[in-house]
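# Per-entry structural report
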Amino acid sequence: MTSLVDMGGGQCSVSGALTLASADSLWRQLRSSGLLGNATSVDLGQVTESDSAGLALLVAWRASCKASGGDLVVKALPVRLAALARLTDAQGILSG
């Protein structure tokens, strides 16, 4: 199960799976919580499983924050997601 925790001040964390199976639900949670465009940082240290859909969600989430005039800092990017980001040239998109 994937969990989104709003820690206030634009900071949040995601735990559990960040995969194709969870991406749609997480996207809806982000939208309904207001974090889709207003998050400033997300801690992924408790993500247990990830895939390319999770990476795509992070890229789209960061783009949404930038479109709203902010930025999303991704903290504790899981090793697997970091490897996928390097492989797909998305590393720069996630880090700045």
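Everything discussed here concerns the structure shown above.
A brief report on the enclosed structure follows.

Calculation rules
Residues numbered from 1 in each chain as written. Predicted model: local features only at pLDDT ≥ 70, side-chain atom pairs only at ≥ 80, totals over all residues. Heavy atoms only, no water. Helix = DSSP H or I, 4+ residues; strand = E, 2+ residues; numbered from the N terminus. Rg over C-alpha atoms; globule rule 2.2 N^0.38 Å. Polar contact = N/O pair within 3.5 Å; in protein donor to acceptor, adjacent residues only side chain to side chain. Pairing = 2+ DSSP bridges. Axes fitted to C-alpha atoms, helices over the stretch in contact; angles between N-to-C directions.

## Here's the deal with the overall build of the protein
Summing up its helical and strand segments, the protein has five helices and four strands in all. Shown N-terminal to C-terminal, the secondary structure of the protein runs as helices and strands in the order β-β-α-α-β-α-β-α-α. Whereas a compact globule of 96 residues would reach a radius of gyration of roughly 12 Å, the protein reaches 12 Å, a difference of no more than 12%. Along the first, second and third principal axes, the C-alpha set of the protein runs to 30 × 30 × 20 Å.

## Observations concerning the environment of Thr2
Relative to the helices and strands, Thr2 resides in the segment before strand 1 (3-8). Through-space distance from the C-alpha of Thr2 to that of Thr88 is 24 Å; in sequence the pair is 86 residues apart. Here the side chain of Thr2 touches Ser22 through a polar contact of 3.4 Å, side chain to side chain.

## Some details on the sheet that holds strand 2 (residues 11-18)
Pairing is mixed across the open sheet formed by four strands, whose spatial order is 1-2-3-4. Edge positions in the sheet fall to strand 1 and strand 4 (73-75), since each of these pairs with one other strand and no more. Put simply, the sheet's adjacent strands are angled 20° from each other on average, direction ignored. Across seven bridges, the pairing between strand 2 and strand 3 (residues 41-50) is parallel. Looking across to strand 3, one finds that Ala17 is bridged to Glu49.

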